[in-house]
Amino acid sequence: MLPAHDGRGRQQAKTRNNVAMDIAGRAITVLVADDQELFRRGMQTVLATEAGFDVVGEACDGAEAVARVGELAPDVVLMDVHMPEMDGIEAARRIRERAPSTRVIMLTVSDEEDDLYGAVRAGANGYLLKDSSLDDVADAVRAVARGESLISPSMASKLLSEFSNLTGEPAPEPGGPKLSDRELEVLKLVAQGLTNREAASALHLSENTVKNHVANILDKLHLRSRLEAAMYAMRTKMFDI
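Residues numbered from 1 in each chain as written. Predicted model: local features only at pLDDT ≥ 70, side-chain atom pairs only at ≥ 80, totals over all residues. Heavy atoms only, no water.

### A look at the overall build of the protein
Stage number 1. Helices and strands together make up the secondary structure of the protein, namely 12 helices and six strands.
Stage number 2. Entry remark: accessible area of the protein is about 11,700 Å², with carbon and sulfur atoms responsible for 48%. (Helix = DSSP H or I, 4+ residues; strand = E, 2+ residues; numbered from the N terminus. Areas by Shrake-Rupley, 256 points an atom, 1.4 Å probe, with all protein chains shown as cover.)

Listed below in structure tokens is the structure:
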């Protein structure tokens, strides 16, 4: 489960969150969906102590999560994979269809490849294990609220599996749509797991410029997410990553 958060880390997180809230003009609204009441309440408690977050509700299964998203329209849902009635993967798919502006982070104990792949296919924006630190969870919520995607480092290597296993489509052939030199630089950093902000710093660009490059990359390659872009780069062996 999530480890204790020390005072120094909490102060650093609050500083980062204050910056995020100032930029957005409001707190990031979060819904916590998990079949374990103790975990739901624990996540609500720790996020409530962090500036820049507003936990607006909870759900005990996937069906309730979908319904609550319809009522509350949260920015981000933190959701377990395995729950009764409706699992988190099916719930993520329905949320993507019905409320595309709501982002979903799977927060789970499952490190199974099938669950990771299913979550990405369903449109989840992040996949974190429950042994992640509070700072990691808070950073993930902020990142997906900005339109980015995040995955636990321990799960990243699993994305080296066949692209077709994840998308259900044939693997893209080399020599497809041509990316510009700058887009290739951005794609390489995305494949290495960098956020837009980190890529912007590495390339000495603005974050908005990197965000535009990512959007162009997805459009040219007919992909749906940063995770699929990273898998494309790995599958076609575009870089030595």
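Picking up after the structure, the text goes on.
### Here we look at the environment of Gly57
Stage number 1. Relative to the assigned elements, Gly57 resides in strand 2 (residues 53–59).
Stage number 2. Taking the C-alpha atoms as reference points, Gly57 and Leu31, 26 residues apart in sequence, are found 5.0 Å from one another.

### Structural notes on unusual backbone geometry
With glycine set apart, most residues show a phi of negative sign, and most peptide bonds adopt trans.
Stage number 1. Residue Glu85 is not a glycine yet carries a positive backbone phi of 70 degrees.
Stage number 2. Here Glu85 is to be found in the loop between strand 3 (76–79) and helix 4 (88–98).
Stage number 3. Assessed through its relative accessible area of 73%, Glu85 is described here as exposed.
Stage number 4. Even without being a glycine, His204 presents a positive backbone phi close to 60 degrees. (Buried < 20%, exposed > 50% of the residue type's maximum accessible area, 1.4 Å probe, protein only.)

### Brief notes about the environment of Ile105
Stage number 1. Within the secondary structure layout, Ile105 lies in strand 4 (residues 103–108).
Stage number 2. Overall, the relative accessible area of 0% leaves Ile105 in the buried class.
Stage number 3. Considered as a pair, Ile105 and Val76 are 29 residues apart in the sequence and their alpha carbons are 7.3 Å apart.
Stage number 4. Those residues in contact with Ile105 that lie beyond four places of it in its chain are Val76, Val77, Leu78, Met79, Gly126, Leu128, Ala140, Val141 and Val144. (Contact = heavy atoms within 4.5 Å.)

### Here's the deal with helix 2 (residues 37–48)
Stage number 1. Taking 1.5 Å of rise per residue, 12 residues should cover 16 Å, and helix 2 covers 16 Å from first to last C-alpha, within 8% of that figure.
Stage number 2. On its buried side, helix 2 packs onto strand 1 (28–33), strand 2, strand 3, strand 4 and helix 6 (134–145). (Expected span 1.5 Å × (residues − 1).)

### So, the side chain of Asp80
Stage number 1. Assignment of secondary structure puts Asp80 in the loop between strand 3 and helix 4.
Stage number 2. A distance of 3.4 Å separates a polar atom in the side chain of Asp80 from a polar atom in the side chain of Thr108. (Polar contact = N/O pair within 3.5 Å; in protein donor to acceptor, adjacent residues only side chain to side chain.)

### Focus: the packing of helix 9 (residues 181–191) against helix 11 (residues 207–221)
Stage number 1. In the contact formed by helix 9 and helix 11, the axes pass within 9 Å of each other and the chain directions differ by 95 degrees. Overall, the two elements helix 9 and helix 11 adopt an arrangement that is roughly perpendicular. Here Arg182, Glu183, Val186, Leu187 and Val190 of helix 9 come into contact with helix 11, specifically with Val210, His213, Val214, Asn216, Ile217 and Lys220.
Stage number 2. The residue makeup of the contact of helix 9 with helix 11, split by class, is six nonpolar, two polar and three charged. (Axes fitted to C-alpha atoms, helices over the stretch in contact; angles between N-to-C directions. Parallel < 35°, antiparallel > 145°, perpendicular 65-115°, else oblique. Nonpolar A, V, L, I, M, F, W, Y, C, P; charged D, E, K, R; others polar.)

### Describing the confidence of the model for the protein
Stage number 1. In this model, the protein carries a mean pLDDT of 80, and residues with pLDDT of at least 70 account for 76%.
Stage number 2. Taken as a whole, residues 3–24 scores under 50 in pLDDT and shows 29 contacts with residues more than four places along the chain or in a different chain. (pLDDT = per-residue confidence, 0-100.)

### As for the pairing of strand 1
Stage number 1. The buried count for strand 1 comes to six of six residues, which makes it a mostly enclosed element.
Stage number 2. Because side chains alternate across strand 1, one face comprises the buried residues Ile28, Val30 and Val32, and the other comprises Thr29, Leu31 and Ala33, equally buried.
Stage number 3. Between the parallel pair strand 1 and strand 2, the chain is carried across by helix 2, and the sense of this crossover is right-handed. (Right-handed = clockwise from strand over helix to strand, strands pointing away.)

### Looking at the pattern of salt bridges
Stage number 1. According to the stated counting rule, one finds 16 salt bridges in the structure shown.
Stage number 2. Residue Glu58 pairs with Arg41 through a salt bridge whose shortest N-O separation is 3.0 Å. Pair noted here: Glu58 is in strand 2 and Arg41 is in helix 2, with a separation of 17 residues, a long-range link.
Stage number 3. When its relative accessible area of 19% is taken as the criterion, Glu58 is described as buried.
Stage number 4. You can call Arg41 partly exposed: its relative accessible area is 42%.
Stage number 5. Residues joined by salt bridges that share partners form a network here, namely Glu37, Arg40, Arg41 and Glu58. (Salt bridge = Lys/Arg side-chain N within 4 Å of Asp/Glu carboxyl O.)

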